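Residues per chain, in single letters:
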Amino acid sequence: VQDLSEGMLLSSQVNKVDAEAELQTYKHSRQSLDEMYNEAHRQLREESQLRQDIENELMVQVSMKHEIELAMKLLEKDIHEKQDTLISLRQQLEEVKAINVEMYQKLQGSDDALKEKNEIIGRLEDKTSQITATMKQLEQRLQQAEKAQMEAENEDKRFKQDYRSKSESLQKEIAQKEKQLGQLETDLKIEREWRQTMEEDIKKEKETSSSLKTETQQIIPLKKEFLKLQEKNKQLKNLCHDQEETLQELAGKLSESKLKIEDIKEANKTLQGQVWLKDKEATHCKLCEKEFSLSKRKHHCRNCGEIFCNACSDNELPLPSSPKPVRVCDSCHALLIQRCSSNVP
């Protein structure tokens, strides 16, 4: 009986020491959990502010994209109109060339006095061929400009205004060219009617040659303007590429912040749902249901707070409340391992 009473006294003292140790660990873990909860709450507020800023920036980028798409549609419409005018100019130049060839054939049988006129007509034909070649080059450059504007997605408002002013100047120059072509046609008709008087024909040919010279001089600034447009298109492509890279970086940051917020939410759920079971309330292991004794001691799971035997809680893992590995039960160990494997990409 005395041995039995001494054993009971020793077991009660051991249980008391264990209870005090468990109380101390509970206080420390509670304090660390409060600190972790405050830190997580602060990080959540910072992440929500960062997310709001990123969403505002994305709204600005989307509005800029809509404005530039509207500008690109206007640019495409102007290019189609200019292409139609260039086709009509090319047809008129071909008609002028046919008329010059016909005149050259009629003047071949004339006297030696008409040789100077034949030379002038040959020069005119060379100039018309040069003009047709330059028109072909302009058409090719227009096609290149169409391809470039399909790739360009971002343009400034300043570029829109500059392009409109340039298009108006181009339309004015095309109208002037049409007037000059009309003058050339009237001159050619007068030449047919008054071909007997060779002196007047030579003067008219000189006038047409001077008008062609002015046209060639007017084509040179058009070339410069097309080169400027190509350079601006290249700059717009580079700007579009940079903005796409920034959008990708912002998307990556958003995905990282979402993952952090989900982790913090899960940690808060585990902290709120955790209940620390008292030693007096547990007489059997929750998993194997074996009764606790002096040889089979009680151990708390630091994740769920339930009490298990040593065999059912012989696992250690780091938790959100404790960066160092602590004791967890077999069921919590399997659940945490599965969650970590699902979060890994």
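Residues numbered from 1 in each chain as written. Predicted model: local features only at pLDDT ≥ 70, side-chain atom pairs only at ≥ 80, totals over all residues. Heavy atoms only, no water.

Caption draft 1: Layout of the overall build of the protein chain. The secondary structure content of the protein chain amounts to five helices and four strands. Mapped in sequence order, the helices and strands of the protein chain form the string α-α-α-α-β-β-β-β-α. By the burial criterion, 29% of the 345 residues in the protein chain qualify as buried. When contacts within the protein chain are restricted to residue pairs at least 6 apart in sequence, those whose partners lie at least 24 apart make up 65%. (Helix = DSSP H or I, 4+ residues; strand = E, 2+ residues; numbered from the N terminus. Buried < 20%, exposed > 50% of the residue type's maximum accessible area, 1.4 Å probe, protein only. Contact = heavy atoms within 4.5 Å.)

Caption draft 2: Highlighting the pairing of strand S4 (residues 322-328). Of the strand pairs in this sheet, strand S3 (residues 315-319) and S4 are connected by five bridges, and their pairing is antiparallel. Bridging from a neighbouring strand, Glu316 pairs with Arg327 of S4. Counting the residues between successive antiparallel strands, the hairpin from S3 to S4 contains two residues. (Pairing = 2+ DSSP bridges.)

Caption draft 3: Fine view of the packing of aromatic side chains. For the coordinates displayed, the defined rule picks out one aromatic pair. Ring centres of Tyr26 and Trp276 lie 5.9 Å apart, and the angle between their planes is 40 degrees; on these two criteria the pair is classed as tilted. Highlighted residues: Tyr26 in helix H1 (residues 2-106) and Trp276 in the loop between helix H4 (198-273) and strand S1 (299-300), separated in sequence by 250 residues. On the basis of relative accessible area, Tyr26 is assigned to the partly exposed category, the value being 32%. (Phe/Tyr/Trp six-rings, centres within 6.5 Å; stacked < 30°, edge-to-face > 60°.)

Caption draft 4: The pattern of salt bridges, seen in detail. Considering all chains together, one arrives at five salt bridges under this definition. A salt bridge links Glu46 to Arg42; the shortest N-O distance between them is 2.7 Å. Remark: Arg42 and Glu46 occur in helix H1; sequence separation between them is four residues, near one turn of the helix. On the basis of relative accessible area, Arg42 is assigned to the partly exposed category, the value being 33%. Here the salt bridges share partners, and the residues they tie into one network are Glu39, Arg42 and Glu46. (Salt bridge = Lys/Arg side-chain N within 4 Å of Asp/Glu carboxyl O.)

Caption draft 5: Spotlight on a negative patch on the surface. On the surface, a cluster of negative charge is made up of Glu69, Glu153, Asp242, Glu244, Glu245 and Glu249. Counting residues per element, the negative patch draws most heavily on H4, which supplies four residues. Taking relative accessible area as the criterion, Asp242 reaches 43% and is therefore assigned partly exposed. (Patch = residues over 30% accessible without salt bridge, like charges linked within 9 Å, V, L, I, M, F, W, Y side chains within 5 Å. Areas by Shrake-Rupley, 256 points an atom, 1.4 Å probe, with all protein chains shown as cover. Lys, Arg positive; Asp, Glu negative; His and termini not counted. Charge placed at Lys NZ, Arg CZ, Asp CG, Glu CD.)

Caption draft 6: Representation of the nonpolar core. Grouped together as the largest cluster of nonpolar side chains are 23 residues, with contacts concentrated most on Leu89 and Met135. Residue assignment for this core shows that the elements contributing at least two residues are H1, helix H2 (115-151), helix H3 (157-193) and H4. Residue contributions to this core peak at seven residues, all from H1. Filtering out sequence-adjacent residues up to four positions away, Leu89 remains in contact with Met135, Ile174, Lys177, Glu178 and Leu181. By size, the runner-up hydrophobic cluster in this structure holds 16 residues, among which are Cys301, Cys312, Val326 and Val328. (Core = buried A, V, L, I, M, F, W, Y, C linked by side-chain atoms within 4.5 Å.)

Caption draft 7: Region of interest: the side chain of Lys177. Tracing the chain through its elements places Lys177 in helix H3. Aside from chain neighbours lying at most four places away, what touches Lys177 is Leu89, Gln218, Ile219 and Leu222.

Caption draft 8: Quick look at unusual backbone geometry. Not every positive phi belongs to a glycine, and Glu289 is a case in point at roughly 60 degrees. Locating Glu289 in the fold gives a position in the loop between H4 and S1.

Caption draft 9: Layout of the confidence of the model for the protein chain. Scored by pLDDT, the protein chain comes out at a mean of 79, with 88% of its residues at no less than 70. Averaged pLDDT values for the elements of the protein chain fall to 69 in H4 and rise to 93 in strand S2 (residues 307-308). (pLDDT = per-residue confidence, 0-100.)

Caption draft 10: Region of interest: the environment of Ser48. Mapping Ser48 onto the fold places it in helix H1. The exposure class assigned to Ser48 is partly exposed, which follows from its relative accessible area of 40%.

Caption draft 11: Expanded view of H3. With 37 residues, H3 extends 54 Å from end C-alpha to end C-alpha; this agrees with the ideal 54 Å at 1.5 Å per step. Along H3, the positions that sit buried rather than exposed are Phe159, Tyr163, Ser167, Leu170, Ile174, Lys177, Gln180, Leu181, Leu184, Asp187, Leu188 and Glu191. (Expected span 1.5 Å × (residues − 1).)

Caption draft 12: Structural view of the environment of Lys237. Tracing the chain through its elements places Lys237 in helix H4. With a relative accessible area of 34%, Lys237 lands in the partly exposed category. Along the backbone, Lys237 and Asn154 are 83 residues apart, and their C-alpha atoms lie at a distance of 7.9 Å. If sequence neighbours within four positions are ignored, Lys237 has contacts with Ala148 and Glu151.

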